[in-house]
Amino acid sequence: MDDGLKQRLIGAVVLIAVAVIFVPTFLDSGGRRVIDLATKVPPEPVVIAEPLELPPPAPPQVVRPAKPLDENYAHPEAELEADITPAETSTKSLADRVPQRAPDISSSGVPTGWSIQVASFADGKRADAFLQLVRDKGFARSYVRQGDVAGKPVYRVFVGPKLSKEKALEEQATLERELKVDSLLVKFAP
């Protein structure tokens with residue numbers, strides 16, 4: 001196509017665009033549009049205050065006094081005597097058959113517990129494998145804790161905790177016999 005023809009076509013397109021934009025403003029015979037600036041807020045509601053009558057407060061119910069400290073803690077390790085016959089069961093109450101020894105309480109008010117350290121590993125995978133062996137032997141309440149010795153991680157396998165030191169010592173003897181290990185009895189730290 002010829003350059004002159006291109007220039008004429010572009011000029012015609014520009015003139016048509018200008019005409020489309022500005023001609024309607026010249027031909028508008030309606031004048032200015034008026035916009036209503038008045039607000040349409042409804043009137044303020046009328047509120048009638050009526051006094052609210054409440055029934056008189058009920059007197060407090062009787063509050064029982066708190067239990068003594070040794071009755072607030074359960075004794076999960078307390079076991080019933082194994083040699084009780086059915087005839088003796090009816091004559092002895094449950095309180096007579098369960099030892100009534102309160103657990104030792106720490107200075108923060110938490111019962112003191114005992115755990116048995118069964119093994120110690122430098123590798124976490126070996127500690128987890130040994131933990132599974134301990135659980136397979138019937139010691140379900142067992143866990144692994146990570147610590148540091150001389151800046152290196154150490155993984156310790158524990159069984160417990162027990163509230164009674166006597167029960168923990170019995171379980172320690174059982175562990176050493178079944179797993180053929182030397183174990184340590186340590187205070188449980190949550």
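Criteria and thresholds
Residues numbered from 1 in each chain as written. Predicted model: local features only at pLDDT ≥ 70, side-chain atom pairs only at ≥ 80, totals over all residues. Heavy atoms only, no water. Pairing = 2+ DSSP bridges. Helix = DSSP H or I, 4+ residues; strand = E, 2+ residues; numbered from the N terminus. Expected span 1.5 Å × (residues − 1). Bend = angle between axes of the 7 residues up to and from the residue. Buried < 20%, exposed > 50% of the residue type's maximum accessible area, 1.4 Å probe, protein only. Contact = heavy atoms within 4.5 Å.

Novice: I'd love a proper account of the pairing of strand E2 (residues 142–149), names of residues and values included.
Specialist: Here eight bridges tie E2 to strand E3 (residues 152–162), and the two strands are oriented antiparallel to one another. Paired with Tyr-143 across the strands is Phe-158, a residue of E3. In sequence, E2 turns back onto E3 through a hairpin of two residues, with Ala-150 there showing a positive phi of about 55°.

Novice: Residue-level account of helix H1 (residues 3–27), with values.
Specialist: For H1, built from 25 residues, the straight-helix expectation of 36 Å at 1.5 Å per residue is met to within 8% by its first-to-last C-alpha distance of 36 Å. Its axis deflected by about 30° at Ile-21, H1 carries its strongest bend there, up to four residues before the proline Pro-24.

Novice: Lay out the environment of Ser-120 with the relevant residues and their values.
Specialist: Locating Ser-120 in the fold gives a position in strand E1 (residues 114–121). Overall, the relative accessible area of 42% leaves Ser-120 in the partly exposed class. Apart from the residues within four sequence positions on either side, Ser-120 is in contact with Val-154, Tyr-155 and Arg-156.

Novice: Before we move on, can you summarise the pairing of E1 with the specific residues and values?
Specialist: By the criterion of burial, E1 is predominantly enclosed, with seven of the eight residues buried. Relative to E3, E1 is paired through six bridges, and the arrangement is antiparallel. Within E3, the residue paired with Trp-114 across the bridge is Lys-162. Bridge count between E1 and strand E4 (residues 184–187): four bridges; the pairing is antiparallel. Bridge pairing in E4 places Gln-117 opposite Leu-184.

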